[in-house]
Amino acid sequence: MDFSLSDELATLRAAVRTFVDEHVIPNEQAIILEDRERRTDTLQKLQQKAKSEGLWVPHLPVALGGRGLGVMGMCVLFREMGRSPVGAKVFNCDAPDQGNMDLLLMAGSDAQKARWLEPLCNATMTSAFCLTEPAPGAGADPTNLRTRATRDGDGWVIDGHKWYSTGGGAAGVLLLVARTSDDPKEGATVFIVPRDAKGVVHVRDFATMGEELLQHREAELRFEGVRVGDDAVLGRVGDGFRLAQARLVPARLTHCMRWLGLADRALSMCREYLATRVAFGKTLAHHQMLQRMLAENARAIHSGNLMTAHCAWMLEKGDAKAARVYSSMAKNHVAQALCKVLDDAIQMHGGLGYSQDVPFSTWYRSARAARIADGPDEVHDMVVARDFMMGRVDLLV
Ligand SMILES: Cc1cc2nc3c(=O)[nH]c(=O)nc-3n(C[C@H](O)[C@H](O)[C@H](O)COP(=O)(O)OP(=O)(O)OC[C@H]3O[C@@H](n4cnc5c(N)ncnc54)[C@H](O)[C@@H]3O)c2cc1C
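Rules used throughout
Residues numbered from 1 in each chain as written. Predicted model: local features only at pLDDT ≥ 70, side-chain atom pairs only at ≥ 80, totals over all residues. Helix = DSSP H or I, 4+ residues; strand = E, 2+ residues; numbered from the N terminus. Buried ≥ 20, exposed ≤ 12 C-beta atoms within 10 Å, placed from the backbone. Core = buried A, V, L, I, M, F, W, Y, C linked by C-beta atoms within 7 Å. Contact = placed C-beta atoms within 7 Å. Axes fitted to C-alpha atoms, helices over the stretch in contact; angles between N-to-C directions. Left-handed = near helix turned anticlockwise from the far one by under 90°. Domains from an automatic or database assignment. Pairing = 2+ DSSP bridges. Expected span 1.5 Å × (residues − 1). Arc of directions from axis to C-beta. Near = placed C-beta within 6 Å. Nonpolar A, V, L, I, M, F, W, Y, C, P; charged D, E, K, R; others polar.

Within the secondary structure, Asp7 sits in helix 1 (residues 7-36). With 8 C-beta atoms packed within 10 Å, Asp7 lands in the exposed category. Placed 320 residues apart in sequence, Asp7 and Ser327 show a C-alpha to C-alpha distance of 27 Å.

Listed below in structure tokens is the structure:
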């Protein structure tokens with residue numbers, strides 16, 4: 001096993017790290033405050049700078065403005081970007097656009113790519129992925145899907161109700177999963193729906209435990225007789241569940257990459273406090289219970305790195321089907337590791353940790369979603385247990 005990076009990737013990693021340290025982190029607060037007023041001045045300035053330095057969508061093909069680095073390249077660079085909650089957006093590598101771009105790239109026709117993928121790659125438009133519905137519709141179990149697309153003449157009419165369509169309020173385009181038949185495997189289809197299509201109703205952006213930030217605003221949408229043509233079908237009719245899976249496996253892994261970056265930054269921020277704060281005659285760093293806390297979290301981040309890199313390597317080789325169970329393991333491990341690191345960072349900083357003078361509590365509130373979004377912990381554990389029982393998991397790879 002060779003863990004060394006190519007010269008190109010090592011150079012890019014250093015460039016992204018320096019960019020995040022010198023430009024993103026110092027402007028983090030400005031971007032967040034502007035975002036509350038729905039302004040993006042600082043963000044756009046940094047996006048231009050990232051473009052001019054050749055760090056824009058680096059995983060995407062050169063023809064789309066990237067560097068064609070693939071999944072392993074993503075793994076290295078997205079961790080660096082994830083060290084700031086606004087980092088990925090600066091490089092146009094944030095969810096949900098990044099996963100939607102990948103899906104359009106994989107399954108879109110030339111015309112669909114020209115109309116929707118190019119503006120997403122240039123960040124002149126944003127997107128949302130609409131699968132989840134309020135109960136009793138699609139949730140942890142996507143086969144509960146209720147939103148329906150019915151054949152009408154040479155097109156389709158869509159009726160349904162979605163929520164947790166992240167970024168759906170401001171998006172230019174929605175990738176929507178709708179039921180097109182009652183076939184258990186081939187009963188769903190992905191439609192590309194312009195957000196301004198007649199009948200798309202933005203009910204509200206609803207408040208959650210986490211803070212709204214950039215595209216991370218949760219939308220509730222209604223689809224009331226929305227008419228689209230055959231050119232709105234992504235892939236084939238009946239491909240919906242397969243495409244949703246094809247999007248979600250790498251998309252949840254890219255979440256892991258970004259979460260690892262934030263976990264690493266949070267744990268690094270503990271160093272200074274532990275090294276300088278004195279209690280009971282010695283610095284906190286000399287107290288064994290805190291040493292154990294540090295070690296446990298360092299171990300969790302490192303093992304998360306290895307799990308994520310292993311799964312990224314499988315995806316890069318084209319083993320998407322076999323990678324699924326490893327992506328479930330990585331997703332649960334890293335989501336829980338991030339929550340634990342942030343909870344422990346609050347603990348290690350005492351009252352300061354609980355205050356808003358440091359960002360841990362804000363980050364924790366957003367991070368808690370990691371154990372629910374893109375499939376809750378229990379569903380991923382169910383997949384791991386099932387595949388293990390079927391002898392499909394090689395734990396000694
Ligand atoms: C911040 C955030 C962003 C999101 N963004 C998007 C998005 O952009 N697009 C989108 O389509 N969706 C999005 N989601 C929705 C997300 O994918 C769903 O919330 C998730 O799949 C769970 O579905 P549900 O909320 O309906 O939970 P339910 O299906 O109601 O499940 C509730 C709970 O039951 C338990 N459970 C479920 N199944 C099992 C099982 N088999 N065994 C044991 N326990 C089980 C779990 O603990 C689960 O949390 C987002 C969610 C969050 C929190």
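Judged by nonpolar contacts, the single largest core of 110 residues is most densely connected at Leu176, Phe191, Ala263, Leu338 and Leu342. Considering every element that reaches this core, the biggest residue donor is helix 7 (residues 240-276), with 17 residues. Filtering out sequence-adjacent residues up to four positions away, Ala263 remains in contact with Ile301, Ala337, Leu338 and Val341.

To continue, consider the packing of helix 3 (residues 70-81) against helix 7. Orientation of helix 3 relative to helix 7, taken along the N-to-C sense of each, is 40°, at an axis distance of 6 Å. The crossing of helix 3 and helix 7 is right-handed. Of the residues in helix 7, those in contact with Val71, Met74, Cys75, Phe78, Arg79, Glu80 and Met81 of helix 3 are Pro250, Thr254, Met257, Arg258, Leu260 and Gly261.

When cut into domains, the protein chain gives domain 1 (7-94), domain 2 (127-234) and domain 3 (241-389). Each of domain 1 and domain 2 was reduced to a C-alpha centroid, and the two centroids are 29 Å apart.

Attention now moves to unusual backbone geometry. A cis amide bond links Ala95 to the next residue, Pro96, at an omega of -5°. Among the structural elements, Pro96 can be located in the loop between helix 4 (87-90) and helix 5 (97-107). Cis rather than trans, the peptide bond between Ala135 and Pro136 has omega equal to 10°. Summarising the element assignment, Pro136 is placed in the loop between strand 1 (127-130) and strand 2 (148-152). Residues other than glycine seldom take positive phi values, yet Asn92 does so here, at roughly 60°. Inspection of the secondary structure puts Asn92 in the loop between helix 4 and helix 5. The class for Asn92 is buried, based on 24 C-beta atoms found within 10 Å.

Now for the pairing of strand 2. A regular strand places its side chains so that they alternate between the two faces of the sheet. Where strand 2 lies against strand 3 (residues 155-166), five bridges are found, and the strand directions are antiparallel. Across the sheet, Ala149 pairs through a bridge with Ile158, a residue of strand 3. If you look at the hairpin formed by strand 2 and strand 3, you'll find two residues sitting between the two strands, and Gly153 has a positive phi there, around 60°.

Let us now look at helix 7. In an α-helix, one turn spans 3.6 residues, which is why side chains three or four residues apart end up on the same side. Its 37 residues give helix 7 an end-to-end C-alpha distance of 55 Å, which sits within 8% of 54 Å, the value for a rise of 1.5 Å per residue. In terms of burial, helix 7 is largely enclosed, as 27 of its 37 residues are buried.

Attention now goes to the environment of Arg252. Counting through the fold element by element, Arg252 comes out in helix 7. Owing to 25 C-beta atoms within 10 Å, Arg252 belongs among the buried residues under this scheme. Remark: the alpha-carbon pair of Arg252 and Lys331, spanning 79 residues in sequence, is separated by 6.4 Å. Contact partners of Arg252, with chain neighbours within four places excluded, come to Ser327, Lys331 and Asp374.

Those residues of helix 6 (residues 110-121) that sit buried are Trp116, Leu117, Leu120 and Cys121. With its buried residues spanning 130° around the axis, helix 6 presents them on a single face. For helix 6, the exposed residues lying more than 90 degrees away from the buried face are Ala111 and Ala114.

Moving on, we come to the site of the ligand. Surveying the vicinity of the ligand reveals 20 residues, the closest of which are Leu131, Thr132, Gly139, Ala140 and Glu378. Of all the secondary structure elements, the ones that give two or more residues to the shell around the ligand are strand 1, strand 3 and helix 12 (377-389). Residue composition of the shell around the ligand, grouped by class: 13 nonpolar, five polar and two charged. Here the shell around the ligand gathers at least three residues from each of two domains, domain 2 (127-234) and domain 3 (241-389).

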